[in-house]
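So you can see what is in the structure, the chains are spelled out below.
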Amino acid sequence: MNRFAAFLTATALMMGAAAPAFADDATVSSSDARKAVQSYLQAHDKANLRVGNATRKDTYYAVSVATAEGIPVTSFRVDAASGKVMDR
């Protein structure tokens with residue numbers, strides 16, 4: 001959950017109101033999705049790969065990964081609600 005969404009949710013809960021409804025039900029931004037993939041790569045000793053664009057699909061982001069030379073390697077799916085890397 002990004003900080004702004006967390007702030008809005010916490011504020012709404014403190015005021016006794018329902019949590020805000022998001023138009024696209026996404027609480028993760030494309031930047032957050034890219035950061036999640038970067039963290040995943042670093043945790044798996046693949047920090048030499050570069051994270052590309054994050055494209056929003058239905059309920060997830062498709063995040064491309066390439067070599068330092070720009071050769072496409074793979075694409076990861078990141079859940080748009082939780083920010084969890086779903087597959088590799």
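The rules we used
Residue positions are given per chain, counted from 1 along the sequence in the order it is written. Local features in a predicted model are, by the rule used here, given only for residues with pLDDT of at least 70; side-chain atom pairs are given and counted only at 80 or more, and totals for whole chains, interfaces and linings are based on all residues. Heavy atoms from the whole structure form the basis of all side-chain values; hydrogens and water molecules are not counted. To qualify as a helix, a DSSP run of H or I must reach at least 4 residues; to qualify as a strand, a run of E must reach at least 2; elements of each kind are numbered from the N terminus. Buried residues are those whose accessible area, probed at 1.4 Å on protein chains only, stays under 20% of the maximum for their type, while exposed residues exceed 50% and partly exposed ones sit between those limits. Pairs of strands are assigned from DSSP output, requiring at least two bridges between the strands. The span expected for a helix works out to 1.5 Å for each residue beyond the first. Working definition: the arc comes from the directions between the helix axis and the C-beta atoms, pointing outward to the latter. Any two of the Phe, Tyr and Trp rings considered here, Trp counted by its six-membered ring, make a pair once their centres fall within 6.5 Å; the pair's planes then place it as stacked at under 30 degrees, edge-to-face at over 60, or tilted in between. Think of it as a cone above the ring: NZ of Lys or CZ of Arg counts as a charge over the ring if it is within 6 Å of the ring centre and within 35 degrees of the ring normal. Contact between two residues is taken to exist if any of their heavy atoms lie within 4.5 Å; hydrogens are not considered.

Asks: Would you mind showing me how to read the overall build of the chain here?
Replies: Assigned secondary structure in the chain consists of two helices and four strands. Reading the chain from its N end, one meets helices and strands in the order α-α-β-β-β-β. Counting all 88 residues of the chain, 27% fall into the buried class.

Asks: I'm lost on the pairing of strand β1 (residues 50–56) in this one. Help?
Replies: Regular strands place their side chains on alternate faces of the sheet. Pairing between β1 and strand β2 (residues 60–66): five bridges, direction antiparallel. Across the sheet, the residue bridging to R50 is A66, located in β2. Hairpin connection between β1 and β2: a loop of three residues separates the two successive antiparallel strands.

Asks: Looking at this model, I keep getting lost on unusual backbone geometry. Mind explaining?
Replies: What is expected of a backbone is that most residues other than glycine have negative phi and most peptide bonds are trans. At D45, a residue that is not glycine, the phi angle is positive and equals roughly 55°. With respect to the element layout, D45 can be found in the loop between α2 (30–43) and β1.

Asks: I'm lost on α2 in this one. Help?
Replies: Since one α-helical turn is 3.6 residues long, residues separated by three or four positions face the same way. Under the 1.5 Å per step criterion, the end-to-end length of α2 is 20 Å for 14 residues, consistent within 8% with the ideal 20 Å. For α2, the full list of buried residues reads A33, A36, V37 and L41. Summarising the axial view, the buried residues of α2 lie within an arc of 135°, below the 170-degree limit, and thus occupy one face. Within α2, the exposed residues directed more than 90 degrees away from the buried face are K35 and A43. Two residues or fewer after α2 comes D45, characterised by a positive phi angle close to 55°.

Asks: Any chance you could explain the packing of aromatic side chains here in plain terms?
Replies: Within a pair of aromatic rings, the relevant descriptors are the distance that separates the centres and the angle that separates the planes. Inspection of the entire model under this criterion finds one aromatic pair. With a centroid separation of 5.3 Å and an interplanar angle of 65°, the aromatic rings of Y40 and F76 are classed as edge-to-face. Within this pair, whereas Y40 is found in helix α2, its partner F76 is found in strand β3 (residues 72–79), the two being separated by 36 residues in sequence. Assessed through its relative accessible area of 23%, Y40 is described here as partly exposed. Above the ring of Y61, the side-chain terminus of R56 is found at 5.5 Å from the ring centroid. Over the ring of Y60 we find R77; its NZ or CZ atom is 4.8 Å from the centre of that ring.

Asks: Explain the environment of S30 to me, please; I cannot follow it from the model alone.
Replies: Along the chain, S30 turns up in helix α2. If we skip the residues at most four places from it in the chain, S30 touches A54 and Y61.

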